Every structure is written in structure tokens, then in C-alpha cells.
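A structural walkthrough
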Amino acid sequence: MFWLGMGKSSSGRFIFAASGSSETSECHFIDLKAEGASDASLTCIQPRTFGLRYDLEHDGADGFLVWTNQNDAINNRLMHASVASPNADQWKELITYDASRKIADVSVFSNHIVMEGRKDGLTQLWLMNKDTSGILDVDTLRQVTFDEELYETGTSTNKDYDTDIVRIHYSSLTTPIQWLDMSMNDMSQKQIIKEQAVLNFDRDLYVCKRVYATAPDKTQIPMSIVHRKDLYEGEEGRTPKPTMLYGYGSYGICIDPGFHKLILPYLDRGMIYCIAHVRGGGEMGRYWYEEQGKYLNKRNTFQDFISCAEHLIDNNYTQPELMATEGRSAGGLLMGNIINWRPDLFEAVVAGVPFVDLMNTMCDPTIPLTTGEWEEWGNPNEDKYFDYMLSYSPYDNVRAQPYPNVLITAGLYDPRVAYWEPAKWASKLREMKIENGKQILCKFDLDSGHFSASDRYKYLREKSYDQAFVLSKLGIADVVKK
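These numbers come from a predicted model, not from an experiment. (Residues numbered from 1 in each chain as written. Predicted model: local features only at pLDDT ≥ 70, side-chain atom pairs only at ≥ 80, totals over all residues. Heavy atoms only, no water.)

So, on to empty space enclosed by the protein. Remark: the empty space left among the atoms is shown by a probe the size of a water molecule rolled over them. Per the stated rule, a full pass over the model turns up one cavity of 30 Å³ or more. Contributing to the lining of the largest cavity are 16 residues, with Thr409, Ala410, Asp445, Ser452 and Glu462 lying nearest its centre. Those elements that provide at least two residues to the lining of the largest cavity are β23 (405-411), β24 (440-445) and α9 (456-474). In terms of residue count, α9 provides more of the lining of the largest cavity than any other element does, four residues in total. Considered class by class, the residues forming the lining of the largest cavity number five nonpolar, five polar and six charged. (1 Å grid on protein atoms, 1.4 Å probe; cavity = no way out; pocket = protein on both sides within 12 Å on 5 of 7 lines; lining within 4 Å. Points joined across faces, edges and corners; volume = space filled by probe spheres on them. Helix = DSSP H or I, 4+ residues; strand = E, 2+ residues; numbered from the N terminus. Nonpolar A, V, L, I, M, F, W, Y, C, P; charged D, E, K, R; others polar.)

Laid out in C-alpha cells, this is it:
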């Protein structure tokens, strides 16, 4: 159930060896500058305690910066530990815990630190200075700001410890990825080092925004929307348009509103592209996943997505015969559920390497990834998890009803979602569905694994196949806006 990794602190003084699962972590270190370091044994920071997660970095002096969920800090608090006494009962909080701010990573430099995390449903960066003795000055904490409403950002590769420049990456649904050098003394000084080249792309032709759907429990579910500016004139002139609704919603993984050049064929045919940031992902912080979208709350993920589709329809963005949807892997489990629950909402569905045979896979611990997955879905050896998982396992809940057009893709060498899962699901859908003229297509790649083709040209051909399916079912395959 645990992974293992090793690395060196940014200061170069320590080697860290860390192990962890989705619920628990443990880290050891060796001080490379200590006498006899070549013969030293690993020193444990804090032994495994179920439910306690932590990560750390050398502060540049005689301590560690630790970001952890200790004391019910689901979005992590920033702590300090001494090298001499690193155990959790000795950790001291550096800045007041803010439940609305998730701390995901900390980069340490000789005179500054950069915290990477999330707030208000977006990735964010915060800076803090060190004083002349190398101690953090908590009064200097400030957030890096950007001009666009929606974006994705984070630290890039920073190998230089003694610098006042941090390299970050930035993009949005309308801005190709940029690599920026930003002064940590003056955050307004951001220099573009490189921008991704996108052939024939004019960012001024597109607009993006955030809207919110309301789930049945009144939770506000954010969605990121992008489309051509000339699609309609203002909110009052909105008429239903072909729409792609994308979702994932598992493992706390975030589908952020960064640049995706492969959606341009949709946008330039007059489509709206929408990302549903449903519970089970981590877009709104760890609680969005841990407390709201896993274990016995997993069904929230599927209901949130349906609420997003209903919002788009109710607000005249689209209508069912013009709406397509896509999800991959655990997002394929999402696709399997939404077409079981509400097949009337969608015209076309793309389910890539879909994890749909939930019960059979989770009940077989001989499959390499199964036991680790028990910390995501639940252990089916416990009655409460078995019954709950069975209630939404897509394969087990296929029923006699009309289904939309579905394209199912799979890879023969997929170690995460074995090829027989989508094959069984396709067969059962064809057997059970009430005939309505819609197609259930299953496409296997006999050379690929979980992430489609590794050859970039073949990968583009595979993506174009998926898009051709969507465009043909929505009746806009021949439409191109100039």
C-alpha cells in the first residue's frame, strides 16, 4: 500500500527517504554534512501514524519546514521542526492555519521560501522572506497575483538555492503555457522566458470564465468554461451550442483551467468546452476530496457532474442533443455512472480506459494496485463499503434503458485498468440497452497502455479519432470557424 522515494534537500545538506500512502506518510533523513555521514543510518522524522500526512524540506539552517495535516488541518499547516528533535510532538506552527488555503509544496531558497497550493478553486503561490539569520519572517507572507480570472500556475524546476529569482509556469484556458522568472524581492517583476508555440492560435478570439452549479445538498460546484468570443453576443443573446463537458473527480486530482491546445478543434467549430470541478477532485482543497468525495461520499462526484450538466442546460448554454462528455480512467467510472443515472442528458460520451468493473477489481487483491485502492474507494471486505461500492459500480448497474452514443477506448498493455474491464462493460451495454439508434463503440489499441500512444503523432491520431466521434454525433464535423 506504500510507495517509496528518495531525494536531496534543495540546500544539498540532507538526503530524504520517504514512504507514503494516500492516508499516511513517513520520512527519514541523513545529514550529509555530519561527521561520519557516509556510515550514518537513517533518522526517522515521525513514524507512521494512520491518518497523519506530512512532507518536509530543509529550512537552510538547523531545522525542517513541515507541511502537515496534524491537528485536523485537512488543508495542511506549516510547521517547524529542529534537526535534533524532529518528532511530531516537537513541531511548532509558523503561520496561523487557514482552512481556505491548501499548502501542497514548499520550495526553499537561501533568502526566501515559495509555498505552492490552492485557494478559491485555483492553484496559488505565496512568498515569504527569511531574516538575516535565516529565520522565516512570517510578517512578509504575501500571495502572487495574476491578471486573468482563471489560470493554472506552480513552481517550475529550481535547482539554484542561492538566488532571488524563482522560475514558475503559468497558463490559462486562453494563454499557452509560459515559463516566467519572477523576482522574490519584487513580485511585479515577471519576465517571460519562454511561451509554448501554438500554430495559428490567436488568444484574443477566445474567452473563459467560471460559473457555479448547485448540487442537491446546495453545495456550489465550480465549472471553468471557454469558447470563442463570437459564439454569441453577451449573456442575453445566449442560445444552446454544442458543448463538451469534461470531468474526473477522484484521488484529489485537480483538472485545472490551464491551456489545452487539443481542445481548439472543438472551440473553432463553435463548441463550448467546460470542465466540471466535482467533489472527489482537489480543486477546492483537500476537504473537497477527503470529506466530500471518497469512501462513503463517493456518489457526490456523480451527482455533482449531473448538476453541472443540468446547469448548462437550464441556463441555455446547451441542450441534451448538443452535449458530449468525456472522462478517462477514474473519470471513466464517472462516465459509467452518469449514463446509468441520467442517459437522457448526453448525446455522445467518450470513456477512455474506463475503470468500470469496480467490484470485481477491488475484490481481487492479487491485482497489483488493488490494496492501495482500498484507501480510495473502501475495502470491500467490510460490509458497509461493499454495499456502497456495489450501488455505483458502473458494470454492475447497467440496466435496460436507452443509452447515448458511447465510445470506449482501451489499451492491451494497461496495468491500471485491465483491457477486460471496458470489454465486459461494452458487451453488457450492448446486451442491455433499449434500442434507440445510438452506438456503443469499443476501440482497443493493441500496442498501448493506460496513457494511450507514446508516439506523439500516433497520440494525436488517437485524440483526433475521439474528437471525430464527438463531432459526428453532434452533427458539426464539417463546421470550422475562421
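This paragraph deals with the pairing of strand β5 (residues 54-58). By the criterion of burial, β5 is predominantly enclosed, with four of the five residues buried. Summarising the sheet, β5 and strand β6 (residues 63-68) pair through five bridges and their orientation is antiparallel. Bridged to Leu56 within β6 is Val66. Counted along the chain from β5 to the antiparallel partner β6, the turn is four residues long, and its residue Gly60 has a positive phi close to 95°. (Buried < 20%, exposed > 50% of the residue type's maximum accessible area, 1.4 Å probe, protein only. Pairing = 2+ DSSP bridges.)

What follows covers unusual backbone geometry. The residue Asp72 is not glycine, and still its phi comes out positive at about 65°. Summarising the element assignment, Asp72 is placed in the loop between β6 and β7 (77-82). We note that Asn76 has phi near 80°; this positive angle belongs to a residue other than glycine. Within the secondary structure, Asn76 sits in the loop between β6 and β7. You can call Asn76 buried: its relative accessible area is 14%.

This next bit is on the side chain of Ser329. Mapped onto the secondary structure, Ser329 falls in the loop between β21 (323-328) and α4 (330-341). Among all residues touching Ser329, those that are not within four sequence positions of it are Tyr248, Gly352, Val353, Pro354, Phe355, Val417 and His450. (Contact = heavy atoms within 4.5 Å.)

Another aspect to go through is the sheet that holds strand β15 (residues 178-183). Read from one edge to the other, the open sheet built from four strands follows the order β13-β14-β15-β16, with strand pairing classed as antiparallel. Sheet topology places β13 (152-155) and β16 (190-195) at the edges, where each strand pairs with a single neighbour. Averaged over all neighbouring strand pairs, the angle between strand axes comes to 25°, with direction disregarded. Strand direction decides the pairing type here: β15 and β16, joined by five bridges, are antiparallel. From the neighbouring strand, Met182 faces β16, where its bridge partner is Lys190. (Axes fitted to C-alpha atoms, helices over the stretch in contact; angles between N-to-C directions.)

Our focus in this paragraph is the layout of surface pockets. By volume, the second largest pocket is sized at about 1,200 Å³. Lining the second largest pocket are 43 residues; nearest its centre among them are Tyr246, Tyr248, Arg328, Ser329 and Phe451. Elements with a minimum of two residues in the lining of the second largest pocket: β20 (272-276), β21, α5 (358-362), α6 (370-377), α8 (420-432) and α9. Among the elements that line the lining of the second largest pocket, the one with the most residues is α9, at four residues. Each residue belonging to the lining of the second largest pocket can be placed in one class, and the counts come to 25 nonpolar, nine polar and nine charged.

A separate point is the packing of aromatic side chains. For the structure on display, the rule yields 20 aromatic pairs. With a centroid separation of 5.4 Å and an interplanar angle of 65°, the aromatic rings of Tyr54 and Trp91 are classed as edge-to-face. Pair noted here: Tyr54 is in strand β5 and Trp91 is in the loop between β7 and β8 (92-93), with a separation of 37 residues, a long-range link. Since its relative accessible area comes to 7%, Tyr54 is described here as buried. (Phe/Tyr/Trp six-rings, centres within 6.5 Å; stacked < 30°, edge-to-face > 60°.)

Here the focus is the sheet that holds β5. In space, the four strands of this open sheet follow the order β5-β6-β7-β8, with antiparallel pairing throughout. In the strand order of this sheet, the two ends are held by β5 and β8, each with one partner. For β6 and β7, the ladder comprises six bridges, and the chain directions are antiparallel. Looking at β7, one finds that Gly63 is bridged to Ser82.

Time to look at the pattern of salt bridges. Inspection of every chain in the model, using the stated rule, returns 24 salt bridges. Between Arg167 and Asp181 there is a salt bridge, with its nearest N and O atoms 2.7 Å apart. In this pair, Arg167 is assigned in strand β14 (residues 165-171) and Asp181 in strand β15, connecting sequence segments 14 residues apart. Looking at Arg167, the relative accessible area reads 31%, which means it is partly exposed. Residue Asp344 is joined to Arg342 by a salt bridge in which the shortest nitrogen-to-oxygen separation is 2.8 Å. Here the salt bridges do not stand alone but share partners, grouping Arg13, Asp31 and Asp62 into one network. (Salt bridge = Lys/Arg side-chain N within 4 Å of Asp/Glu carboxyl O.)

Keep in mind these values describe shape, not function.
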